[in-house]
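The lines below spell out each chain.
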Amino acid sequence: MQCATTPPLTPQDSINTQCTNAKSPRPNVVILATGGTIAGVASSHTQSIDYKAGALGIEVLLDTLPELGALATLQWEQVANIDSADMTDSLWLTLAKRVNALLAQEHIDGVVITHGSDTMEESAFFLQLVVASPKPVVLTGAMRPSNAISADGTKNLYNAIALASHSNARNKGVMIVMNDTIQSARYGAKTHTHNLDAFSSPNSGDMGYILDGRAHFYYTLPLHTTQRTFCVDTLTQLPKVAILYSYANDYSGVAARALYEVGIEGIVVAGSGAGNIHRAHKEVLQELMQQGLVVVVSTRVGCGIVQVGGVDSKRGFISARSLNPQKARALLLLALTRTRNPAEIAQIFGEY
Ligand code: ASP
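Just so it is clear, the structure is predicted and the values come from calculations on it, not from any experiment.

Asker: What exactly am I supposed to notice about the environment of Gln286 here?
Answerer: Checked against the element boundaries, Gln286 lands in helix α7 (residues 279-290). Judged by relative accessible area, which is 23%, Gln286 ranks as partly exposed.

Asker: Is there a simple way to think about the side chain of Lys135 in this case?
Answerer: If you trace the backbone, Lys135 turns up in the loop between α4 (120-130) and β6 (137-140). Buried and without a salt bridge, Lys135 has Asp109 as its closest oppositely charged side chain, separated by 6.0 Å. With residues up to four places along the chain from it excluded, the contact list for Lys135 reads Leu103, Gln105, Glu106, Ile108, Asp109 and Arg170.

Asker: Explanation requested: the sheet that holds strand β16 (residues 318-319) in the structure shown.
Answerer: Strand pairing within a sheet occurs via backbone hydrogen bonds; the two strands may be parallel or antiparallel. Pairing is parallel across the open sheet formed by 4 strands, whose spatial order is β13-β14-β15-β16. A single partner strand is all that each edge strand has here, and the edge strands are β13 (241-245) and β16. With 5 bridges connecting them, β13 and strand β14 (residues 266-271) associate as parallel partners. What sits directly across from Ile243, in β14, is Val268. This element, α7, spans β13, β14 and β15 (294-299) of the sheet and lies at about 160° to β14. Along the sheet face, helix α9 (residues 325-335) touches β13, β14 and β15 and points at about 160° away from the line of β14.

Asker: Is there a simple way to think about the site of the ligand in this case?
Answerer: All residues adjacent to the ligand are Gly36, Thr37, Tyr51, Asp83, Ser84, Gly116, Ser117, Asp118 and Ala142. Here a nitrogen atom of the ligand sits 2.9 Å away from a polar atom, N or O, in the side chain of Asp83. Contacts to the ligand include Ser84, whose side-chain N or O atom sits 2.5 Å from an oxygen atom. For the ligand, the accessible surface in isolation is 260 Å², of which the surrounding protein chains cover 93%.

Asker: Looking at this model, I keep getting lost on the pattern of salt bridges. Mind explaining?
Answerer: When the charged atoms of two side chains lie near each other, side chains of opposite charge can form a pair. In this structure the tally under the stated criterion is 8 salt bridges. Between Arg257 and Glu287 there is a salt bridge, with its nearest N and O atoms 2.8 Å apart. In this pair, Arg257 sits in helix α6 (residues 252-261) while Glu287 sits in helix α7, placing the two residues 30 residues apart along the sequence. Between Lys282 and Asp312 there is a salt bridge, with its nearest N and O atoms 2.8 Å apart.

Asker: Would you mind showing me how to read the environment of Gln326 here?
Answerer: Checked against the element boundaries, Gln326 lands in helix α9. With relative accessibility at 23%, the residue Gln326 sits in the partly exposed group. If we ignore the near neighbours within four places in the chain, the residues touching Gln326 are Glu121, Glu122 and Ile243. Polar side-chain contacts of Gln326 include one of 2.8 Å to the side chain of Glu121.

Asker: What am I meant to see in the nonpolar core here?
Answerer: In a soluble, globular protein the nonpolar side chains are often hidden away together inside. Counting 55 residues, the largest nonpolar core has Phe126, Leu127 and Phe349 as its most contacted members. Per-element accounting of this core gives the leading share, 8 residues, to helix α3 (residues 89-103). Beyond its immediate stretch of four places on either side in the chain, Phe126 contacts Trp92, Leu93, Ala96, Leu238, Ala330, Leu333 and Leu334. Listed in part, the 30 residues of the second largest apolar core include Val29, Leu74, Trp76 and Leu163.

Asker: Can you help me understand the packing of α4 against α9 in this one?
Answerer: Each pair of packed helices can be described by the angle between their axes along with the distance between the axes. Running from amino to carboxyl end, α4 crosses α9 at an angle of 35°, the nearest separation of the two axes being 8 Å. Along this stretch, α4 crosses α9, giving a crossing that reads as right-handed. For the pair α4 and α9, the contacting residues are Glu121, Glu122, Phe125, Phe126, Leu129 and Val130 in the first and Gln326, Lys327, Ala330, Leu331, Leu333 and Leu334 in the second. Of the residues assigned to the contact of α4 with α9, the class counts are 8 nonpolar, 1 polar and 3 charged.

Asker: What's the story with the pairing of strand β7 (residues 174-178) in this structure? I'm lost.
Answerer: Across a regular strand the side chains alternate sides, sitting on one face of the sheet and then on the other. When you tally the buried positions in β7, you get 5 out of 5 residues, the bulk of the element. Going residue by residue along β7, you find Val174, Ile176 and Met178 tucked away on one face and Met175 and Val177 tucked away on the opposite face as well. Bridge count for β6 against β7 is 4 bridges, and the pairing is parallel. Along β7, the bridge assignment pairs Val137 with Val174. With 4 bridges connecting them, β7 and strand β8 (residues 181-184) associate as antiparallel partners. Its bridge partner lying in β8, Met175 is registered against Ser184. Counting the residues between successive antiparallel strands, the hairpin from β7 to β8 contains 2 residues, one of them, Asn179, with a positive phi of roughly 50°.

Cut-off values and rules
- Residues numbered from 1 in each chain as written.
- Predicted model: local features only at pLDDT ≥ 70, side-chain atom pairs only at ≥ 80, totals over all residues.
- Heavy atoms only, no water.
- Helix = DSSP H or I, 4+ residues; strand = E, 2+ residues; numbered from the N terminus.
- Buried < 20%, exposed > 50% of the residue type's maximum accessible area, 1.4 Å probe, protein only.
- Lys, Arg positive; Asp, Glu negative; His and termini not counted.
- Salt bridge = Lys/Arg side-chain N within 4 Å of Asp/Glu carboxyl O.
- Contact = heavy atoms within 4.5 Å.
- Pairing = 2+ DSSP bridges.
- Axes fitted to C-alpha atoms, helices over the stretch in contact; angles between N-to-C directions.
- Near = heavy atom within 4 Å.
- Polar contact = N/O pair within 3.5 Å; in protein donor to acceptor, adjacent residues only side chain to side chain.
- Areas by Shrake-Rupley, 256 points an atom, 1.4 Å probe, with all protein chains shown as cover.
- Core = buried A, V, L, I, M, F, W, Y, C linked by side-chain atoms within 4.5 Å.
- Left-handed = near helix turned anticlockwise from the far one by under 90°.
- Nonpolar A, V, L, I, M, F, W, Y, C, P; charged D, E, K, R; others polar.

So this is what it looks like as structure tokens:
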């Protein structure tokens, strides 16, 4: 990970690649590149399924967009170049520390993270929980590889940088920008496998829209997270949390036991309906909870809330409320850095 020193994109291009402490008239935005389809290359223009994600460096993408120079003074860092299906807790920690360090610098106005769409919502929510700054952090990516017909990456990148440059993007938390929409990290999710319009917020609706580089917000979230973040500055690893499904004739109890034996500390269950767990699976979880496993219950439905009640709550099952399983996992692993007490973790889930 390093500050780019690549030469300007075109001779007349005004993008500044220097790390400078002087406040420039244009906003200073840093791009942290992690790969994904936005940096993907397919074997032909007509191919949008068979391609390699994370094949190009961020400077190649920026090269195609000299107009960015009018929006912001840019720096960029290639933090990784992966398919986001391979995202790790360790890369999350690297990103979190880097984003906090950058935003603590007075002259930096915002951060854009290029990221594969598959796990973008997880990284976005994790960062929302650990970034202690009112400045904008915007994740973007693409649904089509960079050389596909009608590739969407350049427009998404333009929009993300436009958003991160705007003063009205402050105090909105971490955001996802795809297909001209703005989704909050809290509610946004990938809800289509291939459409360009792949992201939405099933429980809340889009947070906003970007038109010709101008952001329009429909609503904002109560932003306790910038004040009440989880501090990961000194951490080199995160508690181990897995996700299991519940389904007809559920075998996940077997998986739960195996996971616990290899040191998994928390499990999020993508329950059926409003967070129901097959009896065979649930019995194993209850047994493991008595040995210290922490279990959060979400839903596989994709929309709505889960409220664990009465007996199950007394047994220690924790409600993920409106967090989908993958976002609940991000919150649970951070909650486990503070406490292993189910009642306290339930309180944390009630708050975030
Ligand atoms: N598999 C890709 C990734 O998440 C998909 C994408 O970026 O759209 O990296």
